[in-house]
Amino acid sequence: MVLPVHAPNHPEQRPDSFSPDSRQAWIRLVVALLIGSIGSVGMWAVVVVIPVVQAEFAATRGAVSLAFTLMMFGFGLGGVIAGKITDRFGIVPAMAISIAFLGVANTLAGLSTQLWQFVAAYFLIGLGTSATFAPLMAEASHWFERYRGLAVTIVASGNYVAGTIWPPLVNAGMETIGWRYTHVAIALICATLMTTLVLVLRARIGDDKVRNHANAPPPRVDLKLSTNALTALLSIASISCCVAMAMPQVHIVAYCGDLGYGVARGAEMLSLMMACGIVSRIGSGYLADKIGGIRTLLLGSLAQGFALMFYLFFDSLTSLYLISAMFGLFQGGIVPSYAIIVREAMPASEAATRVGIVIFASVFGMSFGGWVSGIIFDATGSYAAAFANGVAWNALNVGIVLTLLIRSRMNSVRSGPTLAT
């Protein structure tokens, strides 16, 4: 009979057998964080180079910004594809494809002679970047049981770490060698550093490169919903929370410019928001290990709505700094909570695919939220209605998550006071 545990403790067990939550798991986690921090460069490089690219191609800001939009679309779509590859063949092949895309696409961006080529290259960059987020989060969730929530959010923080370190490096590259050679340099950096790290990860994973889920424990939470129904609900919740999240993240710089504070102040607020988001992501993972993913998501969603309300009533420079910091602390852990819920309530064999689908929904929500907020501003001449729109979408998210929480309390298959263990 096969024992229902991850790491059987038979006498013939090999010395290098892997056990969840072990020192080996933490080493893998550090490597995964480094991979995510390097591979997410494209999400931030495009923001930095937009003004220079616009000037070189004599294009409108909207036309150049399409590179960001298609990059995000590629990021979301690629997450589903890379997740399927990870579930079937393991994380290493998915990361190998990611490295190839990032190397080739960044080179093509640097060599582009027309704007459409630059935009198309960034769609490919989005596809390459995708494997460093949702699939990597899902993979890391298999390495931990007791600290699963913390592990998932640490990997997800690679995105925000990249947002901290890459923009000044890309800006410095543009000033010294130009934006074209900067993209070629990014291609070389991604190809060399990520390949090295993936080889290290492959060595650490060993014979577990293609995961066997036969002995994986059943889902911890029984919501009495089919996998497809739960995926659909989480996707709708993800879209609604990210529409709300997009308003400050996408428009805070322009909002400060409209208020007369200058775009530089808005950029500082955005950086502060992202820095606080790192703290929030890691803290929410620790919290999820204590109270479960659904409760953590509900707390984050309620707090995000609370912060959005403050934007409606306060617009002094000091208050905007404080509210932006608060917003970052509240929203940073929301998106990784969806990955934690997937692992708690769905079969392990489908984790990467399902996480990819939900993350794709969140990307759509961010894109739609940023766009519709601009439309509302154009129609009203003020961001007040846009903030109110964000609060309304956030309320929809809270309603869905609250419903899931009620169902989990009614149908939980676990016992004991601690939900995550």
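Thresholds, definitions, all that
Residues numbered from 1 in each chain as written. Predicted model: local features only at pLDDT ≥ 70, side-chain atom pairs only at ≥ 80, totals over all residues. Heavy atoms only, no water. Helix = DSSP H or I, 4+ residues; strand = E, 2+ residues; numbered from the N terminus. Rg over C-alpha atoms; globule rule 2.2 N^0.38 Å. Buried < 20%, exposed > 50% of the residue type's maximum accessible area, 1.4 Å probe, protein only. Contact = heavy atoms within 4.5 Å. Areas by Shrake-Rupley, 256 points an atom, 1.4 Å probe, with all protein chains shown as cover. Expected span 1.5 Å × (residues − 1). Domains from an automatic or database assignment. Buried area = accessible area lost by both parts, 1.4 Å probe. Axes fitted to C-alpha atoms, helices over the stretch in contact; angles between N-to-C directions. Parallel < 35°, antiparallel > 145°, perpendicular 65-115°, else oblique. Left-handed = near helix turned anticlockwise from the far one by under 90°. Core = buried A, V, L, I, M, F, W, Y, C linked by side-chain atoms within 4.5 Å. Patch = residues over 30% accessible without salt bridge, like charges linked within 9 Å, V, L, I, M, F, W, Y side chains within 5 Å. Salt bridge = Lys/Arg side-chain N within 4 Å of Asp/Glu carboxyl O.

1. Digging into the overall build of the protein chain
Point 1. When its secondary structure is counted, the protein chain shows 14 helices and 0 strands.
Point 2. In summary, the protein chain has a C-alpha radius of gyration of 21 Å against a globular reference of 22 Å for 421 residues, a match within 12%.
Point 3. Each principal axis of the C-alpha atoms in the protein chain carries an extent, and together these give about 70 × 45 × 35 Å.
Point 4. Per-residue burial for the protein chain yields a buried fraction of 53% across its 421 residues.
Point 5. By sequence separation, contacts in the protein chain at least 24 residues apart represent 84% of the contacts at least 6 residues apart.
Point 6. Counting only carbon and sulfur atoms, one obtains 68% of the accessible surface of the protein chain, whose full area is about 17500 Å².

2. Remarks on helix α13 (residues 351-380)
Point 1. In this model, α13 (30 residues) spans 43 Å end to end at C-alpha, consistent with the 44 Å of a helix rising 1.5 Å per residue.
Point 2. With its phi angle positive at about 75 degrees, G381 sits one or two positions after the end of α13.

3. A look at the side chain of N397
Point 1. With respect to the helices and strands, the residue N397 is situated in helix α14 (residues 384-411).
Point 2. Excluding anything up to four places from it in sequence, N397 contacts A237, S238, S240, C241, S301 and Y338.

4. Concerning the domain arrangement of the protein chain
Point 1. Entries for the protein chain in the domain assignment read domain 1 (22-206) and domain 2 (218-411).
Point 2. Each of domain 1 and domain 2 has a C-alpha centre, and the two are 22 Å apart.
Point 3. Domain 1 puts 33 residues into the contact, and the matching count from domain 2 is 32 residues.
Point 4. Roughly 2700 Å² is buried in total at the junction of domain 1 and domain 2, and carbon and sulfur atoms are behind 68% of that figure.

5. Things to note about the packing of helix α4 (residues 91-111) against helix α5 (residues 115-130)
Point 1. Here α4 crosses α5 at 160 degrees, and the two axes come no closer than 8 Å. Here α4 is positioned roughly antiparallel relative to α5, judged by the angle of their axes. The handedness of the crossing between α4 and α5 comes out as left-handed. Residues S98, F101, L102, A105, N106, L108 and A109 of α4 pack against F118, A121, Y122, L124, I125, L127, G128 and T129 of α5.

6. A closer look at the nonpolar core
Point 1. By size, the foremost hydrophobic cluster in this structure holds 120 residues, and its most contacted members are I35, F118, Y122, M137, L234, Y311 and I359.
Point 2. When residues are assigned to domains, this core turns out to be shared by domain 1 (22-206) and domain 2 (218-411), each giving three or more.
Point 3. In this structure, F118 is in contact with V49, V53, A67, A109, S112, W179 and H183, ignoring residues within four places of it in sequence.

7. With respect to the environment of G260
Point 1. Inspection of the secondary structure assignment puts G260 in the loop between α8 (227-259) and α9 (263-291).
Point 2. C-alpha separation for the pair G260 and I400, spaced 140 residues apart in sequence, amounts to 38 Å.

8. Overview of a nonpolar patch on the surface
Point 1. On the surface, M309, L312, F313 and F314 cluster together into a nonpolar patch covering about 390 Å² of accessible area.
Point 2. Positionally, L312 belongs in helix α10 (residues 293-313).
Point 3. For L312, a relative accessible area of 31% gives the class partly exposed.

9. Regarding the environment of L308
Point 1. Counting through the fold element by element, L308 comes out in helix α10.
Point 2. For the pair L308 and F327, spaced 19 residues apart in sequence, the C-alpha to C-alpha distance is 7.5 Å.
Point 3. Every residue in contact with L308, bar those within four places of it in the chain, is listed here: A244, P248, F327, F387, G390 and V391.

10. Structural notes on the pattern of salt bridges
Point 1. Counting across every chain of the model gives 2 salt bridges.
Point 2. Between E56 and R180 there is a salt bridge, with the nearest N and O atoms lying 2.8 Å from each other. Of this pair, E56 sits in helix α2 (residues 41-57) while R180 sits in helix α7 (residues 148-205), and the two are 124 residues apart along the sequence.
Point 3. Looking at R180, the relative accessible area reads 24%, which means it is partly exposed.
Point 4. In this structure, E350 and R354 form a salt bridge, with 2.9 Å as the shortest nitrogen-oxygen distance.
Point 5. Classification of R354 as buried rests on a relative accessible area of 13%.

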